[in-house]
Every structure is written in C-alpha cells, then in structure tokens.
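# Coordinates in review
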Amino acid sequence: MMCAIYTRKSTEEGLEKEYNTLDAQYDACSAYIRSQAANGWEIIPKRYDDGGYSGGNVNRPGLRELQADIVAGRVNIVVVYKIDRLSRSLCDFADLSKLFEKHGVSFVSVTQQIDTSSAAGRMMLGILFSFAQFEREICSDRIRDKIYATIKKGLWVGGPTPFGYRLENKNLVVDAQASETVKRIFRRYVATGSALQVCRELNSLGLRNGCGGKWKPRQVTRILRNCTYIGRIRSARTGEMFKGRFDAIVDKAIWDKVQKIFDENHPDPGDAPRRETTAILRGILKCGTCGGAMGAIYANYKGNKYRKYIYYRCTKDSKRSERECPLGAIPADVIEKFVFEQLGGVLRDPEVVKAVSGGDSAREAAFLRETEDLAGFWARLVSSERSRLVALLVKEVTVWEDRVRISLTVGGRVIETPCKLKVNMGRRCIVVQKEDGAGGDADESSEMATGLMLVKTHQWLELLTSGTYHTKNELADTIGLSRSYLARVTQLPFLSPDIVEAVLDGRIDKASVTMLMKATSPLWAEQHRQMGI
C-alpha cells in the first residue's frame, strides 16, 4: 500500500528555517505509516508540500502533483496531519473525495480518527470539514473587518504602491519626479479625452512607467480611476472613500472632470435596448500580417439612442501601446458579410448541402430553396443561426491588406479573394479587385460617389446651420459616421463652384473625396491650383 504524505502551511513565515512546520507534519505522518508496516504500508519517497498556500482552494502545485499521481495509479493512501491541511472548503473536499473513490484511494488523518470505509466515518469527516470551512470563513471576516477599520483611519493597507508615491515606514510619500508625470496624465486626459492619446504622448516624451517600460493604455486608465491621487482610500468592501493620511497629487476638481469624461466615453448601457452582439468570426478570424488571432472589441456610442458596435482587431496589436498592425479595426458586419458572399459560390455544392442538412433529403431540398436568394437568405438568418452556419463550414479566415483567404471544413477547400481594405465615408470596407486589375468601371462609379458625397455634405451643413443638430459630433452619432470623418467632409461645401462643376461634369479625372478634402483652402485660387484647373 503506497502512502503519499501531503503537507501544507497557509503562510510562508518560518519556512526558511532548517526544521519548519512542513517537516514536523511530514515526520508525524511518517511515524504513523511506519506503525502500519504490518499492514503493508510503505512511504512514497516523493514529497507533496505546499508552503504559503491557502486551503480555501485547490490551486496548489503540490496538490496538483498529488492528484496527477493518483490518476496515474501510483498512490493507494493519502496521509495528512489534519484534514484541514488537505482543504478548508467543503465543496473542494467533495471533489477530492470523488477522485479518491474513483481511483480506490483511502484517506487518513494522523491526529483525527477518520475511517472513510464506514458510513459513520464519512459522516464524521463531513462534520469536521464543515467546521474547517467555518473556521476559514471566520478568519476571513476578521481580516476584512481589520482592513476596513484600517481604511477608515486613513492608513495604507498594503498592496502595490501607486505610481507617483513611494513607501516609507508603511506610509505613502509623494515622489516628486513621478508625481509630475501623474499630473501630466490628468491634464492631458482632460484636454484629449483619450487614454491612448495620453499614452502615446508619454512614450514620445520618453517618460517611463513604474517598471521602467513603455506606458500602456490600461496603465493610464488605472491611474485616472484611482482615488489615491486625491488623498482618498477606497474600501473594496463597501465602495466608500475615506480621507487618507498622505498627501494628494492632483486636485479633486480635475479628478472629478476626468471621471465625468471617462463615464461619457464609457457609458453604462443600463436599461438601454439590447442589440445582438455575437461575434460570428470569433476564434476563426486571423491576421495574416502579424499571424495572431483577431479578437472582437466593442464600441458604445450615445447619439439619439444607445448603440453598440463590434469590430475585429489583431490581438497582438491591441496589446501594444502604439498601433503597428496595418489592418487596424475592421467592422464586424463588413468582414462577416464579405465572408458569406464568398461562401455563396459553394453553398449549393452537393458536399456542402449534405454537411448542412445532415444527409436528410427533406432538409436538403429546403436548404436549396432558401439559398436561391443568397442576400435574402443571409438577411433572414438571426445571429445564432449565422454563427452555426459559419462554424460548420469555415475552418479559418485569414485577412491581409490585399487579400482574404477562407479555409473550409468541407473537402479541405480554400477560397482566396484579392481585395483591398479601404475607408469609405469614415468606415473600413472591403473592395474586391477586378480580375483585369484595371478596376473596370471603378473610375466612373468613384466619380458618381464623389458627386453624391458633395450633395450629402451640403445637406449635413444645412442640418448644422439650421440648428437641427447643435454639434458635428451629435450629427455624426445620429447618421452613424466617424466623428473625425464628418468633421473633414463638412469642409467640402466651401469648395469653389468651378471645382464642383468640374467634378460633376467629369472634367477632373479620378476625383475622390480624399483629393477634394486636400483643396479646402479658403482661397478659391489656391483650391484651383491644388486641383490643377
């Protein structure tokens, strides 16, 4: 009977001694096992020690190693000094008991008479574990009460020292150099309203964070939301703030401004109507440039009504303080619709139809009828049905700047489509390249789109000047455009009449909104020079 001895201590205090409490537990268990030598008990030389780990959970390296050896059949009996050394959680011990029972492993506590082979022994074990859990919870309550009382007195309770302070005699003291960086962060956020912009400015100035590395947006956000910088300590238990016994770095007035801007930039949906936010290509979409996955990110906008948008962005790029991936963020509806359009050519393939219908002839016929109108078919599908269809047919979608490759699960097929990622009316879009490379009637359609944009910008300017919308941001949120894009195109109504006439008559080759926006000088003669007329 191979016996494994498990020992544990909640804190690391005293473990550096030559003979510590883990050694004492091990010796007591070893003596008990030797007393059972007549029954064939033998000690496994390997030790399973967990020094400095709580018994409130099972995330302990020694215990995980013990479980692995039990599953491998190397252990017959688990021996502990007391049952609370193994666990102080009744639920965790129930899971361990199932593991022991499944692999025929017995459990022995040296200082408590526990015999799990009888009903009375199992009942006694449950009672003892209930008391062990009760003791752990009482200790936790005492610790929380002590922390709360310390915070009420304004004393620092420990944890990572906030950037801008240093720790002296367990008290926070303002660091003169780092505190200037903190003040700059608050001032620049009030001016820009963007943690990413503040982060880029700090890095461009060569300022470093507390670890000596480059700033990241989440580090800036953590500082902006930390009430320590106004001389307050927040209780995680109740959310209350108490005056601390240390100096503030920023004024409460600027801190309040920052919180207001932050709340406006990150609105709480609250009771707003819910929208479908399923990222259909999550786990499937890959970045061809960086080689990483493209994760789903969400953006909230509040215009006349609350709206939520989904984008896919390279996860490697999202972890950098400065954007390096050329793909950027791609709207979910754009890439998802593009993928489905490319699947249109194979949806009526016999192999695909059989995979979707599961070999049912009636379902095959229904699927063929539904897919006669592909655009209507995709529009009729709800988000969950789209997800199931894509998951069934698509293995992986890889996006580059000039092409998209779709790997199918059926027959190992690959669909690769040449295309370009462009910005149209402030949104990223995917434009499929013509086979001849010349673009066909692209120039003509581009000129038509440019003329239409000129008409629309006059309408938007009228909405602003008439007072229907008070700001460009309000108008952009309502019509669903990028705020920065709308701010640029609303300069087009001030173009020279000669330029507008030349665009509408087609006398300016390959006219585009981008070209026209470069000719927005208030002087018409300068506009003519820039456009070459």
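A brief report on the enclosed structure follows. Quick caveat, the model's predicted, so the values are computed rather than measured. (Residues numbered from 1 in each chain as written. Predicted model: local features only at pLDDT ≥ 70, side-chain atom pairs only at ≥ 80, totals over all residues. Heavy atoms only, no water.)

### Some thoughts on unusual backbone geometry
Put simply, the rule is: Helix and strand assignments come from DSSP, with helices taken as H or I runs of at least 4 residues and strands as E runs of at least 2, each series counted from the N terminus. Per-residue accessibility, obtained with a 1.4 Å probe over protein chains only, is compared with the maximum for each type, and a residue is labelled buried under 20%, exposed over 50%, and partly exposed between these values.
For Asn169, which is not glycine, the phi torsion reads 55° and is therefore positive. One can find Asn169 in the loop between β6 (165–168) and β7 (171–174). In this structure Asn169 comes out as exposed when scored by relative accessible area, which is 74%. Its identity as a non-glycine residue notwithstanding, Lys170 has a phi of 65°, on the positive side. Its location among the elements puts Lys170 in the loop between β6 and β7.

### A look at the packing of helix α12 (residues 350–357) against helix α15 (residues 383–393)
Selection rule: Note on method: axes are straight lines fitted to C-alpha atoms, helices fitted across the in-contact stretch only, with angles between N-to-C directions ranging 0 to 180 degrees. What sets the label is the angle itself: under 35 degrees gives roughly parallel, over 145 gives roughly antiparallel, 65 to 115 gives roughly perpendicular, and the rest give oblique. Take the far helix as the reference: if the near one is turned anticlockwise from it by less than a right angle, the crossing is left-handed, and if turned clockwise, right-handed. By definition in these notes, contact holds between two residues if any of their heavy atoms fall within 4.5 Å. Each residue receives one of three labels: charged for Asp, Glu, Lys and Arg, nonpolar for Ala, Val, Leu, Ile, Met, Phe, Trp, Tyr, Cys and Pro, and polar for the others, Gly being one of them.
Viewed as axis vectors pointing N to C, α12 and α15 meet at an angle of 125°, and their least axial separation amounts to 11 Å. By the angle between their directions, the pair α12 and α15 is classed as oblique. Crossing angle aside, the handedness with which α12 passes α15 is right-handed. Along the contact surface, α12 presents Val352, Ala355 and Val356, while α15 presents Leu389, Leu392 and Leu393. Looking at the contact of α12 with α15 residue by residue, the class counts come to six nonpolar, no polar and no charged.

### Observations regarding the side chain of Gln25
Put simply, the rule reads: In protein, a polar contact requires one atom able to donate a hydrogen and another able to accept it; more generally it is a pair of N or O atoms within 3.5 Å, and residues adjacent in sequence count only if both atoms are side-chain atoms.
Inspection of the secondary structure puts Gln25 in helix α1 (residues 21–35). With relative accessibility at 6%, the residue Gln25 sits in the buried group. At 3.0 Å, the side chain of Gln25 and the backbone oxygen of Arg8 are in polar contact. Every residue in contact with Gln25, bar those within four places of it in the chain, is listed here: Thr7, Arg8, Tyr81 and Arg85.

### What about the packing of helix α19 (residues 497–505) against helix α21 (residues 524–531)?
Contact geometry for α19 and α21: axes closest at 9 Å, N-to-C directions at 35°. Here α19 contributes Pro497, Asp498 and Ile499 to the contact with α21, which in turn contributes Trp524, Gln527, His528 and Met531. A breakdown of the residues in the contact of α19 with α21 according to their chemical character gives four nonpolar, two polar and one charged.

### Observations concerning the environment of Gln177
Looking at the element boundaries, Gln177 is found in helix α6 (residues 176–192). Look at Gln177 and you get exposed, because its relative accessible area is 68%. Spatially, the C-alpha atoms of Gln177 and Tyr165 are 9.6 Å apart, while their sequence positions differ by 12 residues.

### Remarks on a nonpolar patch on the surface
Quick reminder of the rule: Residues with no salt bridge and a relative accessible area higher than 30% make up the patches, which join like charges within 9 Å and nonpolar side chains (Val, Leu, Ile, Met, Phe, Trp, Tyr) within 5 Å. Here the Shrake-Rupley method, with its probe set to 1.4 Å, supplies the accessible areas, and only the displayed protein chains count as covering residues. A pairing counts as a salt bridge when a side-chain nitrogen of Lys or Arg comes within 4 Å of a carboxyl oxygen of Asp or Glu.
A surface patch of nonpolar side chains, about 520 Å² in accessible area, is lined by Met123, Met124, Ile127, Phe131 and Phe134. Positionally, Phe131 belongs in helix α5 (residues 119–152).

### Remarks on the packing of aromatic side chains
What counts is decided by this rule: For Phe, Tyr and Trp, where Trp contributes only its six-membered ring, two rings pair if their centres lie within 6.5 Å, and the inter-plane angle classes them as stacked under 30 degrees, edge-to-face over 60, or tilted in between.
One pass over the full model with this rule turns up eight aromatic pairs. Between Tyr148 and Phe242, the aromatic rings sit 6.0 Å apart at their centres with planes inclined by 80°, giving edge-to-face as the arrangement. One end of the pair, Tyr148, is in helix α5; the other, Phe242, is in strand β9 (residues 241–243), and 94 residues separate them in sequence. Judged by centre distance (5.8 Å) and plane angle (80°), the ring pair of Tyr165 and Phe246 falls under edge-to-face. Here the residue Tyr165 occupies a position in strand β6, and Phe246 occupies one in the loop between β9 and α9 (252–265), the gap between them amounting to 81 residues. Considered together, Tyr165 and Phe246 belong to a single accessibility category, that of buried residues. Ring-pair connections join several aromatic residues into one group, and the members of that group are Tyr165, Phe186, Tyr229 and Phe246.

### With respect to the pairing of strand β4 (residues 77–80)
Where we set the bar: By the convention used here, strands pair only if DSSP detects at least 2 bridges between them.
Residues of β4 alternate between two faces, with Ile77 and Val79 on one and Val78 and Val80 on the opposite face, all of them buried. Pairing of strand β1 (residues 2–9) with β4 involves three bridges; the strand directions are parallel. When the bridges of β4 are listed, Ala4 appears paired with Val78. Alignment of β4 against strand β5 (residues 106–109), held across four bridges, turns out to be parallel. For Ile77, the partnering residue across the bridge sits in β5 and is Ser106.

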